[in-house]
Structure formats: C-alpha cells, structure tokens
Amino acid sequence: MTTTVIGAGITVEGEVTTDEDIVVAGTLRGKVQAKEGVTIESGAVVEADVAASSLVIAGALTGNVSAVERVDLQAGARVIGNVKAARVTIADGAQFKGNVDMDV
Amino acid sequence: MATDVSIIGQSTRVRGRIIGTADVEVNGFVEGEVAVSGAVIVGVHGMVGAGVAGRRIVIRGSVRGDLVGVESVTVEEGGRVVGDVRAPSVAIAPGALVRGYVQAGETDAMPAIARVSESAKVAPAPAIAVRSAAKVQAPAALVGASGRHAVAAPVSSARAPMAAQQSVPVSTRAGGQTQSPAPKPPAPQQATRQPPPAPVVPALKKVRGQMAKKRER
C-alpha cells in the first residue's frame, strides 16, 4: 500500500499532488490535489485548499475543500472554509464555519 | 496507521519544501528543500530537487542539491547526488554517483570553513577575488544552480571557493584561502618552498664539475 504521510513534527510548504492517499498529522501549507482519499488527523494543521476523492477531517483546516465523493468532519475537527462534495457529514463536536455545497 | 513516520509516496509530488523535527522518507518527488532534524531517507524512486539537511541522510534515489548531515550521509548503490556533501561521516557505496565537493569529518574540515568565512569578513578584497573565481568555475562545477540557493548564505560563500578547486587537499586549500589573516599560511608555504633549492645547488655543482673535467681534457 502506497500512502503519503505527513507526520507530526513535519511541515510541508507548497503544492502537493498525488495519485495516492494522503494522511496529514503534521502541518501542511499550500495546496493539496489528491486522486484518492485525504485524512487530516487530530492535531494536524492544514492551511490549504484541498481537492480529493474523499476527505476525512479530524484536525484543523483552513481553506476550501472539494471532494468527488464525500467529506466527513469528525468530532474535534475545526474547519474554516467552503466545503463542496456530493456527500457531507458534520459530526457532533465538529467546529465548522463556511458554506456547504452538495450539488451533484 | 503509523503517522509518526512521514512518507512522501511514490506518486506524490511536492512543489515546495519539507521542514520539521521528525524523520522523513521521500519516495516521490520534492522540488524544494528537505530540512529536518531527524533522519532523511530518499528511496529508490525518490527525487529531491534541492538541498537535503538532516541528522542522518540515506540516499538511494536522486538528489540535485547539497547534502548536509549532522551525523552522517550515506549514498547507497543506485543513489545519485549532484551537489556538495558535508557530514562528519560520509559513505558512498560502489554503484553510487556523486558529483560535487565532498567533505567528510569535522576535525579539521569544519574549522577550515570557519577560517575562510572569517577571512572574507576581515578582508573584503580577497573575498571579491574569491567570488569572481567561483563564478568562473560555476559552469564546470556541474552543480545545478537551483540547488545552491537552498543553503544559508554564509555557508555558500565559504563553500564557493572550495568548489572552485575540488581536487586540492583540504589543508593546502585552507592555507591558500587565508592569505590575508595569515597566522598559519606562511609556515606551510616555507616548508614547501625550502626543499627545492637544496637539490638544485648540488646539481649545478655537479654540472660545473663535469664541465671542469671536460676542460681539463
């Protein structure tokens, strides 16, 4: 299984493009384009526009998000930005400020 | 999932830099610098377009930029490095390609850098001369200009003259660069100059003696 992991203690500044899954537990600033899923773990800090197939957010994200399939904001997530996806879930305990666009 | 190890996957491209305090494994492509205080592994399919700095650096892929290891740099078989390599312990395996100035060990090599940068501060005139020499050498050095800017300015100014005379041993180079402060340089210069006259004189005497013998005949 090939995955890109940005672990805790690591900061990536710039544009990340990938065909595989990305897991962010550290800091990411810039832009993310993934063909597969993106996971932003608890404790992660992402200041970027994110485009992916699906997105799971448990950490802090500032930026616009668009997913082909779905976006899940889990409890403890802190999202500031617009979310665009066919399916969006916001768990109880998630902080969110922005627009939701669920047009297909 | 283990998120304590950072991995840039094979199909991942980072147009920017990676910094931090943990370990990083690069199997994809990073266009900018990788500067962490942990270990850095550039995998077989990994490519880094700028400098790499870390505690321990292992290169199995390609790097176009300078490698600075706090502890060690290892370029393994199949690894390709175009740039300078600096670490207390440097290992280059057979089958690896390194194109650049390599500085292993810190006992006398590191003070040499300090001395050169000091001389650049004290005497501006030689520093300019050094800079122009570095410019002339730049095309021949074959090191990508893109990789050079990643390293801090004082280091690059100190390193430029080194790249200009790659084949010269460290000790003589340090002596040559620090002519203006000159506490040490005169000693090695005298040591190298004095021996040659000694053999010349006996040789002349010998020739004269032979000529004198011919005249006698």
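### Focus: the overall build of chain B
Looking only at helices and strands, chain B has seven helices and 15 strands in total. Within chain B, the proportion of its 217 residues that are buried is 37%. The contacts of chain B with a sequence gap of at least 6 include a subset with a gap of at least 24, amounting to 25%.

### Side note on the interface of chain A and chain B
The partner chain B presents 24 residues to the 24 residues of chain A that form the contact. Elements with a minimum of two residues in the side of chain A that touches chain B: β1 (3-6) and β2 (10-18) of chain A. Of the residues forming the side of chain A that touches chain B, the biggest block, nine residues, is contributed by β2(A).

### Digging into the pairing of strand β3 (residues 21-24) of chain A
All names here are of chain A. Neither face of β3 is open: one carries Asp21 and Val23, the other Ile22 and Val24, and all of them are buried. Direction of pairing for β1 relative to β3: parallel, over a ladder of four bridges. In the strand pairing of β3, Val5 is matched with Val23. Relative to strand β5 (residues 37-40), β3 runs parallel, the two being bridged by three bridges. Paired with Ile22 across the strands is Val38, a residue of β5.

### Structural notes on the nonpolar core
Counting 62 residues, the largest nonpolar core has A:Val24, A:Leu55, A:Ile57 and B:Val34 as the members making the most contacts within it. Each residue touching A:Leu55, except ones within four places of it in the same chain, is listed here: A:Val38, A:Val50, A:Val65, A:Ala67 and A:Val71.

### Structural notes on the confidence of the model for chain B
Residues and elements named next belong to chain B. In this model, chain B carries an average pLDDT of 68, and 47% of its residues clear a pLDDT of 70 or more. Of all secondary-structure elements in chain B, the lowest mean pLDDT belongs to helix α2 (residues 124-141), at 36, while strand β9 (residues 62-64) reaches the highest, 97. In the model, residues 108-192 has pLDDT below 50 throughout and makes 80 contacts with residues more than four positions away in sequence or in other chains. Interface confidence in the predicted complex, given as ipTM, is 0.90; pTM for the same model is 0.64.

### Observations concerning the pairing of strand β8 (residues 52-59) of chain B
Residues and elements named next belong to chain B. With six of its eight residues buried, β8 lies for the most part within the structure. Bridging between strand β5 (residues 34-36) and β8 involves two bridges; their strand directions are parallel. Bridged to Ala35 within β8 is Ala53. Here β8 runs beside strand β10 (residues 67-75); their pairing, made up of seven bridges, is parallel. What sits directly across from Ile59, in β10, is Val75.

### As for the environment of A:Glu13
Its location among the elements puts A:Glu13 in strand β2. What makes A:Glu13 partly exposed here is the crowd of 18 C-beta atoms within 10 Å. Residues A:Glu13 and A:Ala48, spaced 35 residues apart in sequence, show a C-alpha to C-alpha distance of 9.6 Å. Once residues within four sequence positions are removed from consideration, A:Glu13 is found in contact with A:Arg29, A:Gly30, B:Gly16 and B:Arg17.

Rules and cut-offs
- Residues numbered from 1 in each chain as written.
- Chains lettered and ligands numbered in written order.
- Predicted model: local features only at pLDDT ≥ 70, side-chain atom pairs only at ≥ 80, totals over all residues.
- Helix = DSSP H or I, 4+ residues; strand = E, 2+ residues; numbered from the N terminus.
- Buried ≥ 20, exposed ≤ 12 C-beta atoms within 10 Å, placed from the backbone.
- Contact = placed C-beta atoms within 7 Å.
- Pairing = 2+ DSSP bridges.
- Core = buried A, V, L, I, M, F, W, Y, C linked by C-beta atoms within 7 Å.
- pLDDT = per-residue confidence, 0-100.

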